[in-house]
Amino acid sequence: MARRKIVAGNWKMNKTPSEAVALVEELKPLVASDDVDVVFCVPAIDIIPVAEAVKGTNIQVGAENMYFEEKGAYTGEISPAMLVDAGVKYVVLGHSERREYFAETDATVNKKVLKAFEHGITPIMCCGETLEQREQGVTMDFIRQQVKIGLQNVTADQAKTMVIAYEPIWAIGTGKTATTEQAQEVCAGIRACIAEVYDEATAEAIRIQYGGSVNAATAPELFAQADIDGGLVGGAALKPDFGKIVNYK
């Protein structure tokens, strides 16, 4: 059975609530699709107005992060229950920017993944190497470590429903894109790693996105690859071009 493509926009720290609603209204007709799952992962303050604005459409709402505790004295953090109540279906976890600027580790990402599953939120778990790691030839070693630790205590049934996003750090926001061959090679390596941890059925079911300067021009070739099941899109998710990425065929 062919895996259904999933294209998620990661808005990062962009768009006030009113700007977010205006962008949703602009994108709604452009991202309509019957055969691709479309997710807008938006800043926390935008979640409630965006969830309202996408009602009745094919768009699902995602968060860009969440904390791994239910509630408590964690000033500035947002709990999974808050996200669920606000209408969130997906959450981006372990993005390289979170790891780099906010000291996230594979272990904290794992805690968040487990907590997301507890609340019925689908994790989009990110992994990716630096340029230095690629040049040192340790890309797959590093990514396998991120994936294996991120999936500690995640069951096969849970893993089948989640999304893994491969984003080479050197290609995020730089205008550089991994070649189609590089992207496919790593996504195939991630799938092989899942098969080792679980089994072939789980590896076949899990959806693996590519992210890193994906745009309307690169999407068709990337998404045609055997192991690339869509994209986690940054800058282009804030433009009308996002519609062309969703409707890449």
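Residues numbered from 1 in each chain as written. Predicted model: local features only at pLDDT ≥ 70, side-chain atom pairs only at ≥ 80, totals over all residues. Heavy atoms only, no water.

Would you mind showing me how to read the pairing of strand β7 (residues 207-211) here?
As a general feature of sheets, a regular strand has side chains that alternate between the two faces. Burial analysis of β7 places five of its five residues in the buried class, the great majority of the element. Pairing of strand β6 (residues 163-166) with β7 involves four bridges; the strand directions are parallel. Each bridged residue has a counterpart across the sheet, and for I164 the counterpart in β7 is I208. As paired elements, β7 and strand β8 (residues 230-233) share two bridges and run parallel to each other. Note on β8: the bridge partner recorded for G211 is L232. (Buried < 20%, exposed > 50% of the residue type's maximum accessible area, 1.4 Å probe, protein only. Helix = DSSP H or I, 4+ residues; strand = E, 2+ residues; numbered from the N terminus. Pairing = 2+ DSSP bridges.)

Looking at this structure, how should I read the side chain of D37?
By the secondary structure assignment, D37 is in strand β2 (residues 36-42). Within the local environment of D37, its side chain forms a polar contact with the side chain of R4, the two groups lying 2.6 Å apart. (Polar contact = N/O pair within 3.5 Å; in protein donor to acceptor, adjacent residues only side chain to side chain.)

Can you help me understand the packing of helix α5 (residues 106-118) against helix α7 (residues 139-150) in this one?
If you want to describe how two helices pack, look at the angle between their axes and the distance between the axes. The geometry of α5 relative to α7 is characterised by a closest axis approach of 8 Å and an angle of 40° between their N-to-C directions. Taken as axis vectors, α5 and α7 run oblique relative to one another. Crossing of α5 over α7 shows right-handed handedness. In this structure, α5 contributes D106, A107, N110 and V113 to the contact, and α7 contributes Q145, Q146, I149 and G150. In terms of residue class, the contact of α5 with α7 is made up of three nonpolar, four polar and one charged. (Axes fitted to C-alpha atoms, helices over the stretch in contact; angles between N-to-C directions. Parallel < 35°, antiparallel > 145°, perpendicular 65-115°, else oblique. Left-handed = near helix turned anticlockwise from the far one by under 90°. Contact = heavy atoms within 4.5 Å. Nonpolar A, V, L, I, M, F, W, Y, C, P; charged D, E, K, R; others polar.)

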